[in-house]
Amino acid sequence: MASVKSSRSRAHAVTPSKGINKESGTKLEENLNVFKSDNFDADAFVQSKCHSLNEKEIRQLCSYLLDLKRASAEEMRKSVYANYTAFIRTSKEISDLEGELSSMKNLLSTQATLIHGLAEGVHIDSLSDDAPESASNGSSNDEVREPTDLEKWLAEFPDLLDVLLAERRVDEALSSLDEGERIASEAKEKKTLGHAVLFSLQTAIAERRQKLADQLAEIACQPSTRGAELRAAISALKKLGDGPRAHSLLLNAHYQKYQFNMKNLRPSSTSYGGAYTAALSQLVFSAIAQAATDSLAIFGKEPAYTSELVMWATKQTEAFALLVKRHALTSSAAAGGLRAAAECVQIALGHCSLLEARGLALCPVLLKLFRPSVEQALDANLKRIEESTAALAAADDWELTYPPSVTRTSGRPAGAVLGSTGAYQHKLSSSAHRFNLMVQDFFEDVGPLLSMQLGGKALEGLFQVFNSYVNTLIRALPGSIEDETSFEGSGNKIVRMAETEAQQIALLANASLLADELLPRAAMKLAPLNQANYKDDLQRRASDRQSRHPEQREWKKRLVNSVDRLKDSFCQQHALDLIFTEEGDSHLSAEMYINMEGNADEIEWFPSLIFQELYVKLNRMAAIAADMFVGRERFAILLLMRLTETVILWLSQDQSFWDDIEEGPRPLGHLGLQQFYLDMKFVTCFASQGRYLSRNLLRVVNDIISKAMSAFASTGMDPYSVLPDDDWFTEIAQDAIERLSGKPKVANGERDLNSPTASVSAQSMSSVRSHGSY
């Protein structure tokens, strides 16, 4: 049994470890096989390893053996921890078995005493039959003697015990029983009492001991027994040698107590879940705490009783969790009441965590049982956000406005972000404002549930909701080329179309502001920091905190990638509008360059119409974006860069265009090459001035020019011999930019800064310079 106890002690010292992977575990098992053999000879093993080893190799061998020892110990700890529940159950069964064996031993001892007594009695009777006369003569000759003190005590002892038991004088009864045990033990050792008398004494002690134990058990089971009286009865029962029964009665008494108190706690359909949870958790965990205190005071830290206490407390916690789920959590979860569900969980965890000071870590039990209900509330809440936003998108006019002055449940104005300089508000459309407001409330609710490790699930669920909203915005683009199958399960497909360029850019403003700033800032509530830091520059602090949380940084990256889908759809739509007519004919064909051959003097050199329209569209969008992306000019620049790249990439990848240029019935002439070169030079010129000339765009333009020059060179002519200097192309491109933008020509090195288009361009260029070149 000592080995069992020591093993049990070691089990309590075990801490979870990451363990060893399967491959290293297999290798370890192979290395340890040599030690598992019954014929293992340690000396021979050492001799075999050290026979021809030098000092360095012996040290390496010692290090290797130490590694094996540590790995073996780690494996044993992992095995014990993995089977800890079974280990506790087995320990309790062993303890119960010990009690039963002790009872059997006492019973066998009593039976042996009875048999010896009967045998001695028969022997004495036979002696009496053989010498009756001598016995009678002896007795007649002697005087009648007085009984000894021991004989008097033996005669009075049973009656004394009966009186003490009847009067429930437990302490005195225990002392008398101990005295009787002592006298019986001495008499048996010194043989001062006959077998019959000794047997009679032992029988009397056993019967009164059992009667006292039953009496104490009855006291412990009475609902009216409280506090000190209960502890005294349990302690006395333990002293009688029936510890397992005493401990079980103690736990059952506390269970009956809180069950009795729960009769007055009746949840109704109108009861508040938080109030019910608070009242119930106070009853249950107070009872568990008191049971733990009594158990420690009476039974100490003996593993068998500690294990039984842990199993009993776990069972009561599970029963409590089921009641809370049935009467509070289930209804809240089904209705999407995340805040109500969170409050119930927090109340329960608050009471439960107080037990940790008594060595009972029951919060994981609650978390495991509450998690499904809270996940249901989480999913329902996210579904509500998605459906509400989709419904508003069906009537959204896609006009950006400041948030309405609606007070949130948290007491702060909706959409306001408090910083060191006051409230700073962003312009969004109505559906985006609603989406942002619900997300802010969502994170207020889900923040306290981080202890349930639901932060990752909350972020993933919100990403899916945002992705669904982006799908809605993509459907709002006229002629969106996104595959409808990609929108399956994304909610209501009815959405108001964004007809104008301003409305379409507003879609991008909604998505980009939510993904870049509002949602990541709200998600910071999942990793709360010192509130003093929050009073500083909010955007800088949010960026710093974001960098310290890789999970949220990755989440923000996914949000931005989702916005890129909307950006791609926007650029593809506008690129196609530029390239194709309503009838499906292309504005950008090889014929527009091949058919230019003729009299060069009649040609007025100017960029092709499609690239003129591209520049006008980009200029118009830049003006719109300058108003919508205040403080976020980088996104506007990237949008214009993406649109320009989309058009040029389409030209680069249009195989029919290049087939006509390279292998058509008519070759590309020098005038067509010159016009083509001018168009590309015009693109790079206005993209450079607008600061959206990317490296990729410049690379593609150069590749296109090289392909056109190679096609021209295939006719046997040198392209450089027919092309003017770059200054000629630059001057024409610059003149075209000035004419198309309405800017006056340069006079004395200055421009008319009062021009409306010049002011818009200056505003855009100033904001771009503040962010650098992209």
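An unreviewed UniProt entry annotates the protein chain as Exocyst complex component EXO84B originating from Nicotiana sylvestris. Its UniProt record gives the protein chain the following Sequence similarities (unreviewed entry) comment, quoted word for word: "Belongs to the EXO84 family."

S.K.: Please clarify how the packing of aromatic side chains should be interpreted in this entry.
M.R.: Applying the stated criterion across every chain yields a total of 19 aromatic pairs. Centroid distance phenylalanine 580 to tryptophan 650: 5.5 Å. Interplanar angle 90°. Geometry classified as edge-to-face. Taken together, the residues phenylalanine 580 in the loop between helix 21 (550–579) and helix 22 (591–594) and tryptophan 650 in helix 24 (residues 633–653) connect sequence positions 70 residues apart. With a centroid separation of 4.6 Å and 45° between ring planes, the pair formed by tyrosine 677 and phenylalanine 729 is classed as tilted.

S.K.: Even after reading the chapter, I still don't get the nonpolar core, so can you show me in this structure?
M.R.: As a rule of thumb, soluble globular proteins bury nonpolar side chains together. Core analysis: the biggest nonpolar cluster contains 151 residues, and Phe370, Phe443, Phe611 and Phe686 have the highest contact counts within it. With 13 residues, helix 18 (residues 501–523) is the largest single contributor of residues to this core. If we ignore the near neighbours within four places in the chain, the residues touching phenylalanine 443 are Leu459, Leu462, Ala522, Ala523, Lys525, Leu526 and Trp555. Among the nonpolar cores identified, the runner-up in size contains 21 residues, and Ala217, Ala236, Ala253 and Tyr305 belong to it.

S.K.: Hey, could you run me through the state of the cysteines in this one?
M.R.: Working definition of a disulfide: a covalent bond connecting the sulfur atoms of two cysteines. This model, assessed by the stated rule, comprises zero disulfides. Unpaired in terms of disulfides, cysteine 363 finds its nearest cysteine sulfur in cysteine 352, a separation of 3.8 Å. For cysteine 363, a relative accessible area of 12% translates into the label buried.

S.K.: Would you mind going over the environment of valine 34 with me for this structure?
M.R.: Counting through the fold element by element, valine 34 comes out in helix 2 (residues 22–36). Valine 34 sits 11 residues away from phenylalanine 45 along the chain, and the two C-alpha atoms are 9.3 Å apart. With near-sequence residues (within four places) excluded, valine 34 lies in contact with Phe40 and Phe45.

S.K.: Where do I start with the packing of helix 24 against helix 27 (residues 695–713) in this structure?
M.R.: Axis separation between helix 24 and helix 27 bottoms out at 10 Å; the angle between their running directions is 25°. Relative to helix 27, helix 24 is oriented roughly parallel. Where helix 24 crosses over helix 27, the handedness of that crossing is left-handed. Across the interface between the two elements, Thr644, Glu645, Ile648, Leu649, Leu651 and Ser652 of helix 24 pack against Asn696, Leu697, Val700, Val701, Ile704 and Lys707 of helix 27. Across the contact of helix 24 with helix 27, the residue classes break down as seven nonpolar, three polar and two charged.

S.K.: Could you clarify how one ought to interpret unusual backbone geometry in this entry?
M.R.: Leaving glycine out, the prevailing phi sign among residues is negative, and the prevailing peptide bond configuration is trans. The phi torsion at tryptophan 398 lies on the positive side, around 60°, for a residue other than glycine. Of note, arginine 691 is a non-glycine position whose phi angle comes to about 65°, a positive value. Relative to the elements of secondary structure, arginine 691 occurs in the loop between helix 26 (670–689) and helix 27. The class of arginine 691 is partly exposed, set by a relative accessible area of 26%.

S.K.: I keep staring at a nonpolar patch on the surface and nothing clicks. Help me out?
M.R.: A surface patch of nonpolar side chains, amounting to about 380 Å² of accessible area, comprises Val34, Phe35, Phe40, Tyr64 and Leu65. Turning to its location among the elements, phenylalanine 35 is positioned in helix 2. A relative accessible area of 33% places phenylalanine 35 in the partly exposed class.

S.K.: I'm lost on the confidence of the model for the protein chain in this one. Help?
M.R.: Predicted coordinates in regions of low pLDDT should not be interpreted in detail. On average, residues of the protein chain score 75 in pLDDT, and 70% of them reach the 70 mark or higher. In this model, residues 1–22 is a region of pLDDT below 50 whose contacts with residues beyond four sequence positions or in other chains number 26 contacts. Note on residues 529–548: pLDDT is under 50 here. Beyond four places in sequence and across chains, it has 23 contacts.

S.K.: Hey, could you run me through the side chain of threonine 472 in this one?
M.R.: Among the secondary structure elements, threonine 472 is positioned in helix 17 (residues 455–475). By relative accessible area, threonine 472 is classed as buried at 2%. With residues up to four places along the chain from it excluded, the contact list for threonine 472 reads Ala393 and Val495.

Definitions and cut-offs
Every chain's residues receive numbers from 1 upward, in the order its sequence appears when written. This being a predicted model, a pLDDT of at least 70 is required before a residue's local features are given, and a value of 80 or more before pairs of side-chain atoms are given or counted; all residues contribute to the totals for chains, interfaces and linings. Hydrogen atoms and water are omitted, and side-chain values are computed over all heavy atoms in the structure. UniProt positions are given in the numbering used here, feature names are shortened, and annotations may be inferred rather than shown by experiment. Ring geometry is summarised as follows: Phe, Tyr and Trp rings, the Trp one being its six-membered ring, pair when their centres sit within 6.5 Å, and such pairs are stacked at plane angles under 30 degrees, edge-to-face over 60 and tilted between the two. A run of H or I in DSSP becomes a helix once it reaches four residues, and a run of E becomes a strand once it reaches two; helices and strands are each numbered from the N terminus. Put simply, buried Ala, Val, Leu, Ile, Met, Phe, Trp, Tyr and Cys residues joined by side-chain atoms within 4.5 Å make one nonpolar core. Burial classes follow relative accessibility: with a 1.4 Å probe on protein chains only, a residue under 20% of its type's maximum area counts as buried, one over 50% as exposed, and anything between as partly exposed. Here a residue-residue contact requires only that any non-hydrogen atoms of the pair lie within 4.5 Å. Cysteine sulfur atoms are paired as a disulfide whenever they fall within 2.5 Å. Whenever a helix is involved, its axis is fitted only over the stretch in contact; in every case the axis is a line through C-alpha atoms, and angles between N-to-C directions fall within 0 to 180 degrees. These descriptions rest on fixed angle ranges, namely under 35 degrees for roughly parallel, over 145 for roughly antiparallel, 65 to 115 for roughly perpendicular, and the rest for oblique. Should the near helix be turned counterclockwise from the far one by less than a right angle, the crossing is left-handed, whereas a clockwise turn marks it as right-handed. Under this grouping Gly is polar, as are all residues other than the nonpolar Ala, Val, Leu, Ile, Met, Phe, Trp, Tyr, Cys and Pro and the charged Asp, Glu, Lys and Arg. In this scheme, patches are assembled from residues that exceed 30% relative accessible area and form no salt bridge. Like charges are connected within 9 Å, while nonpolar side chains (Val, Leu, Ile, Met, Phe, Trp, Tyr) are connected within 5 Å. For every accessible area listed, the method is Shrake-Rupley and the probe measures 1.4 Å; residues are considered covered only by the protein chains on display. Each reported salt bridge corresponds to a side-chain nitrogen of Lys or Arg within 4 Å of a carboxyl oxygen of Asp or Glu. The quantity known as pLDDT measures the predictor's confidence residue by residue, on a range of 0 to 100.

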